[in-house]
Structure formats: C-alpha cells, structure tokens
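These are the residues of each chain, in order.
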Amino acid sequence: VQMAVCVGSAAVYLLVMPYLGFIIATVLILFGMFCWLKAPNKLGALALAVIVTAGMYALFKFGLKVPLYAGIFGFMGTFLSGFAVVLQPLYIGYMVLGVALGLVIGFLPGLSGGIGIGLMLPFTYHMEPLTALVFLCSIYTGGIFGGAV
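Residues numbered from 1 in each chain as written. Predicted model: local features only at pLDDT ≥ 70, side-chain atom pairs only at ≥ 80, totals over all residues. Heavy atoms only, no water.

**Overview of the packing of aromatic side chains**
Where two aromatic rings form a pair, the distance of their centres and the angle of their planes describe that pair. For the record, the criterion: Under the pairing criterion, centres of Phe, Tyr and Trp rings, with the six-membered ring standing for Trp, must be within 6.5 Å; the plane angle then separates stacked pairs below 30 degrees from edge-to-face pairs above 60, leaving the rest tilted. Type-normalised accessible area, obtained with a 1.4 Å probe on protein chains alone, sets the label of each residue: buried when under 20%, exposed when over 50%, and partly exposed for intermediate values.
Considering all chains together, one arrives at four aromatic pairs under this definition. Aromatic pair Tyr57 and Phe62: ring centres 6.2 Å apart, planes at 85°, arrangement edge-to-face. The class of Phe62 is exposed, set by a relative accessible area of 54%. One aromatic cluster is present, built from ring pairs that chain together Phe22, Tyr57, Phe60 and Phe62.

**Looking at the packing of helix 2 (residues 22–36) against helix 3 (residues 42–63)**
The condition that has to hold: Lines fitted to C-alpha atoms define the axes here, with helix axes fitted over just the stretch in contact, and angles between the N-to-C directions of these axes take values from 0 to 180 degrees. Only DSSP runs of H or I covering at least 4 residues are called helices, and only runs of E covering at least 2 are called strands; the numbering of each starts at the N terminus. Should an angle fall under 35 degrees it is called roughly parallel, over 145 degrees roughly antiparallel, and 65 to 115 degrees roughly perpendicular, with every other angle called oblique. Should the near helix be turned anticlockwise from the far one by less than a right angle, the crossing is left-handed, and should it be turned clockwise, the crossing is right-handed. Contacts are assigned to residue pairs that have any heavy atoms within 4.5 Å of one another.
Taken N-terminus to C-terminus, the directions of helix 2 and helix 3 make an angle of 140°; their axes are 8 Å apart at the nearest point. With respect to each other, helix 2 and helix 3 are oriented oblique. Between helix 2 and helix 3 the crossing geometry is right-handed. Residue-level contacts link Phe22, Ile23, Thr26, Val27, Leu30, Phe31, Phe34 and Cys35 of helix 2 to Lys42, Ala45, Leu46, Leu48, Ala49, Val50, Val52, Thr53, Met56 and Tyr57 of helix 3.

Listed below in structure tokens is the structure:
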C-alpha cells in the first residue's frame, strides 16, 4: 500500500508540475507526504516542505544550472511585465485621451464604443501597434461607459 501511494504521488507530481511549477508542486507533494507519514506537527511539516523545496531549487537552479518549470509564476512574470510596459507615461496619456474621446462619443445618441473605434481608426495608422491598441481600447471603454450615463 505504501509503495502504491508513493508511486501514485510521484505520478501526480509529474503531471501537475508543468502547470503549477516546481516550487508549488514540490511544496504540495512534500507536505502531503509528510502528513501521510503522520507528522506530529502540521505547521512543522509545512515549514520543512518549504525548506527542502528551497534547498532543492537552489541546488538545481544555481548549482546544477538546470532549468525548472515556472508554472503559474512564469505566466505571472509575463503578465506583470505587460503591465510595466503599458503603464509608461506615453501609454497612460493615450489612455486618458482615448477614454475622454470615448466618453464624448458615448454621450452622443446613436454612437457607441465600436463606432468610436471606427471613427478613430484612421488616426492610428501611423502609430506604433501597441500605442494604437491602447488608444483604441481606451476609446471603446470610454464609449461603453459614456453610453451608460
């Protein structure tokens, strides 16, 4: 029975590691195994799982230079770097301008965010793609909100 549980745990660990990443999957599997082995203190078992995972991470990442699965942390890094790009002053300026124009377009009867994008699309031909996308999304958002007022 114990061997089947260990093999099953290892199989589950290998299946979830690409999605959860090395750190989360390893902490969870170690904590689960410590609890299954009847660790007297659950908080101590969690602390030991975190310490062992940190040691293994340091060994593989820095000592052996082995790339590890990032899992959700890889996505979060990409997601947060996108925010860092879009929240630059140039893009914030285009957001404010786009929302203001969208509000005016949305206030007018018969016009909406989609029509606002159609009206402002020719002004974006000579912009960089990200700038134009931020501007048009802001127009759409302002237009939808302006139509609700």
